[in-house]
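Each chain is listed here by its residues.
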Amino acid sequence: MRIAAFSHVEMTVDPARASAELLLKTPSIQAVLLIACSVLGMAVLLTPLGLIAADAATNPQVFNTLGQHIGSSFLLAAGVAVGLALLSYPLRAGLARLGARTKVRLADGQVFVERRGVLRTEEWSAPLSQFCGVTHHIRATLSGARHEIILVHPDPAKDVLLNLGSRHPKEGADHFAYMLGMTEVQPRTLYQRRRVAAHSDAGPELRAQAA
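Computed from a predicted structure; not experimentally measured.

S.K.: Just give me the short version of the overall build of the protein chain, but keep the residues and values in it.
M.R.: Of regular secondary structure, the protein chain possesses six helices and eight strands. N-terminal to C-terminal, the α/β element order of the protein chain is β-β-α-α-α-β-β-β-β-β-β-α-α-α. For 211 residues, the compact-globule estimate of 2.2 N^0.38 gives 17 Å, and the protein chain exceeds it by more than 25% at 24 Å. Across its three principal axes, the protein chain shows a C-alpha extent of roughly 80 × 35 × 30 Å. The 211 residues of the protein chain split such that 35% are buried. Restricting the contact set of the protein chain to residue pairs at least 6 apart, pairs at least 24 apart contribute 50%.

And the structure:
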């Protein structure tokens, strides 16, 4: 789960069933800006090729010129191809965020995650016992500090955002740790995973470090 991609979290608790559901939303304006900038950049890159093609349609001599300067023609085509490849990443990121919603359900000792977006739908689940604990992480952004309450998993892709805000959330890491029957871990646990080899016992090792 890309924690930084979410801008809003709504949580509903059902005491009768001892469960909770979270709805995580991504900002549409960021998705639109990413898509617009990517498309504009691609259009700028393709403009020279379009002008050459338009000229070649009325002037066959263009092909002879390109043939005589095969090296320059290759560099031009290669540069456009590389530029398009680089711009495809923000384009895909924008499309993935556009209208994307992620639902998280915490119940019966399990974490269920369902993410729906324009490009694809992703679902996964994991036992709560596999998670390392709950931490309070402060992320620096252009608009200031952002406080995030994260359910930490040995696999960063399975981290779950529980709460966030521009100030310290009223319901902090200790609240969610108590609610889930887990321990509160230090934020450094998020970064220690980068130094842990990807093997099956990564979870216990991280828990030992957090303790």
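S.K.: Quick rundown of the environment of Leu87? Include the residues and the values.
M.R.: Within the secondary structure, Leu87 is located in helix H3 (residues 70-97). Remark: the alpha-carbon pair of Leu87 and Ser38, spanning 49 residues in sequence, is separated by 5.5 Å. Excluding its chain neighbours within four sequence positions, the residues that come into contact with Leu87 are Ser38, Gly41, Met42 and Leu45.

S.K.: Which residues make up the sheet that holds strand E8 (residues 160-165), and what values do they have?
M.R.: Reading across the sheet, the three strands line up as E6-E7-E8 and stay open at both edges, with antiparallel pairing between neighbours. A strand with exactly one partner marks an edge of an open sheet, and here the two such strands are strand E6 (133-141) and E8. Each strand of the sheet is rotated relative to its neighbour by a mean of 25°, with strand direction disregarded. The pairing of strand E7 (residues 144-152) with E8 spans five bridges and is classified as antiparallel. Bridge assignment links Glu148 to a residue of E8, and that residue is Leu164. Contacting E6, E7 and E8, helix H4 (residues 173-180) crosses the sheet at an angle of about 150° to E6.

S.K.: Residue-level account of H3, with values.
M.R.: In a regular helix each residue adds 1.5 Å, so 28 residues correspond to 40 Å; H3 covers 41 Å between its end C-alpha atoms and thus fits that length. Regarding H3, the residues found buried are Ser73, Val80, Gly83, Leu91, Ala93 and Gly94. Contact partners of the buried residues in H3: helix H1 (28-58) and helix H2 (61-68).

S.K.: Go over the packing of H1 against H2, please, and point to the residues and values.
M.R.: Where H1 meets H2, the closest approach of the two axes is 7 Å, and the angle between their N-to-C directions is 125°. By the angle between their axes, H1 is oblique relative to H2. Facing H1, whose interface residues are Ile52, Asp55 and Ala56, H2 presents Val62, Phe63 and Leu66. Here the residues of the contact of H1 with H2 sort into five nonpolar, no polar and one charged.

S.K.: How would you explain the nonpolar core if you had to name every residue and give the values?
M.R.: Leu151 and Leu162 are the most contacted members of the largest nonpolar core, which has 31 residues in total. At the level of elements, strand E2 (19-25), strand E3 (101-107), strand E4 (110-116), strand E5 (121-127), E7, E8 and H4 are the ones that each hand at least two residues to this core.

S.K.: Provide a residue-level description of the pairing of E7, including the pertinent values.
M.R.: The buried count for E7 comes to seven of nine residues, which makes it a mostly enclosed element. Alignment of E6 against E7, held across nine bridges, turns out to be antiparallel. Looking at E7, one finds that Thr141 is bridged to Gly144. Counted between consecutive antiparallel strands, the loop separating E6 from E7 contains two residues.

S.K.: Which residues make up unusual backbone geometry, and what values do they have?
M.R.: Backbone geometry at Asp108 places phi at a positive 55°, although glycine is not the residue there. Within the element layout of this structure, Asp108 appears in the loop between E3 and E4. Look at Asp108 and you get exposed, because its relative accessible area is 70%.

S.K.: Describe the packing of H1 against H3, with residues and values.
M.R.: It is at 8 Å that the axes of H1 and H3 come closest, and there the two elements cross at 160°. As far as their axial angle goes, H3 and H1 are roughly antiparallel. Of the two possible hands of crossing, H1 and H3 adopt the one that is left-handed. For the pair formed by H1 and H3, the contact residues are Gln30, Ala31, Leu34, Ile35, Ser38, Val39, Gly41, Met42, Leu45, Leu46, Leu49 and Ile52 on the first element and Leu76, Val80, Gly83, Leu84, Leu87, Ser88, Pro90, Leu91, Ala93, Gly94, Leu95 and Arg97 on the second. Grouping the constituent residues of the contact of H1 with H3 by class yields 17 nonpolar, six polar and one charged.

So, how was this worked out
Residues numbered from 1 in each chain as written. Predicted model: local features only at pLDDT ≥ 70, side-chain atom pairs only at ≥ 80, totals over all residues. Heavy atoms only, no water. Helix = DSSP H or I, 4+ residues; strand = E, 2+ residues; numbered from the N terminus. Rg over C-alpha atoms; globule rule 2.2 N^0.38 Å. Buried < 20%, exposed > 50% of the residue type's maximum accessible area, 1.4 Å probe, protein only. Contact = heavy atoms within 4.5 Å. Pairing = 2+ DSSP bridges. Axes fitted to C-alpha atoms, helices over the stretch in contact; angles between N-to-C directions. Expected span 1.5 Å × (residues − 1). Parallel < 35°, antiparallel > 145°, perpendicular 65-115°, else oblique. Nonpolar A, V, L, I, M, F, W, Y, C, P; charged D, E, K, R; others polar. Core = buried A, V, L, I, M, F, W, Y, C linked by side-chain atoms within 4.5 Å. Left-handed = near helix turned anticlockwise from the far one by under 90°.

It is worth stressing that arrangement in space is one thing and function is another; only the former is reported here.
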